[in-house]
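Structural overview
For reference, the chains in residue letters:
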Amino acid sequence: MEQHWNQVYKTKQPTDVSWYEEYPHYSVSLIEGFNLAKTARIIDVGGGDSRLVDTLLELGYLNLTVLDISEKAIKRAKARLGSRADQVQWIVSDVTRFAPVQSFDVWHDRATFHFLTTEPQIDAYLSIAEQAIPAGGFLSVATFSDQGPTKCSGLTVRQYSSDALTDQFAYRFTRLHCEEITHPTPFGTQQLFTTCQFQRKAA
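First things first, this report covers the structure right here in the doc. The model shown is predicted, which means the values in this text are computed figures rather than measured ones. (Residues numbered from 1 in each chain as written. Predicted model: local features only at pLDDT ≥ 70, side-chain atom pairs only at ≥ 80, totals over all residues. Heavy atoms only, no water.)

1. Digging into the sheet that holds strand 4 (residues 106-110)
Across the sheet, which stays open at both edges, the seven strands sit in the order 3-2-1-4-5-9-8 with mixed pairing between neighbours. The open sheet has two edge strands, strand 3 (88-92) and strand 8 (173-184), and neither has a second partner. Put simply, the sheet's adjacent strands are angled 15° from each other on average, direction ignored. With five bridges joining them, strand 1 (residues 41-45) and strand 2 (residues 63-68) adopt parallel strand pairing. From the neighbouring strand, Ile42 faces strand 2, where its bridge partner is Leu64. Most of the contacts of helix 2 (residues 25-33) go to strand 4, to which it runs at about 160°, and overall it touches strand 1, strand 4, strand 5 (138-144), strand 8 and strand 9 (190-200). Where helix 5 (residues 119-132) meets the sheet, it contacts strand 4, strand 5, strand 8 and strand 9, and its direction lies at approximately 150° from that of strand 4. (Pairing = 2+ DSSP bridges. Helix = DSSP H or I, 4+ residues; strand = E, 2+ residues; numbered from the N terminus. Axes fitted to C-alpha atoms, helices over the stretch in contact; angles between N-to-C directions. Contact = heavy atoms within 4.5 Å.)

Next comes the structure, spelled out in structure tokens:
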């Protein structure tokens, strides 16, 4: 998988991929909606070279982490940010092998979870998220909806309805809100996503 994603980021420009957003309005609105201090610890899981980190820095957030399986994606994001990249913690890791050394007040995942198509992968993700998010912390996850695409970048994904996504996280997280949204791609097409926000239950 590392080779696959490194190849994607090696051969494609930012606007050549379906998930590109010039400004991540929806993700920003979700994070700001949690009403946390600017010192909140926020991780963007599968952030790649998304511009969410740029925007959060501009908004004054101070404790940002970006995790991605692709070293090339992270190098590209660092190059874009220049000296501001030093204000971010960068982690190259498969999320299912991530070993967090700190907790996070917000775990943001826009379209990583749906690439996990086997039960062991999903179980590993859930276990790591449970470890990384303290009681009261927030998790936001977006996947292709059950009416959305079945593949992305040549890989099969697992589609979710709001209820199916909630079921995956229900043991340790309380559902706050779910909805289906439409993402306009750079190619002029539209993709349906299911997005849910959860709060970590007390252990």
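2. Quick look at the nonpolar core
Judged by nonpolar contacts, the single largest core of 26 residues is most densely connected at Phe98, Trp107, Phe113, Tyr125, Leu139, Val141 and Phe169. Secondary structure elements with two or more residues in this core: strand 1, helix 5, strand 5, helix 6 (162-169), strand 8 and strand 9. Examining the composition of this core, we find that six residues originate from one element, helix 5, more than from any other. Leaving out residues up to four positions away in the same chain, Leu139 has contacts with Trp107, Ala129, Ile133, Phe169, Phe173, Cys196, Gln197 and Phe198. Ala40, Leu52, Tyr61 and Ile74 belong to the second largest nonpolar core, which has 20 residues in total. (Core = buried A, V, L, I, M, F, W, Y, C linked by side-chain atoms within 4.5 Å. Buried < 20%, exposed > 50% of the residue type's maximum accessible area, 1.4 Å probe, protein only.)

3. Structural notes on the side chain of Thr143
Mapped onto the elements of the fold, Thr143 is located in strand 5. Beyond its immediate sequence surroundings of up to four residues, Thr143 is in contact with Phe113, His114, Tyr160, Leu165, Leu192, Phe193 and Thr194.

4. Observations regarding the packing of aromatic side chains
Summed over the entire model, instances satisfying the criterion amount to nine aromatic pairs. Each ring, one from Trp107 and one from Tyr125, has its centre 5.6 Å from the other, and the planes form 80°; the classification is edge-to-face. Here the residue Trp107 occupies a position in strand 4, and Tyr125 occupies one in helix 5, the gap between them amounting to 18 residues. The exposure class of Trp107 is buried, given its relative accessible area of 0%. Relative accessible area serves as the criterion here: at 0%, Tyr125 is assigned to the buried category. (Phe/Tyr/Trp six-rings, centres within 6.5 Å; stacked < 30°, edge-to-face > 60°.)

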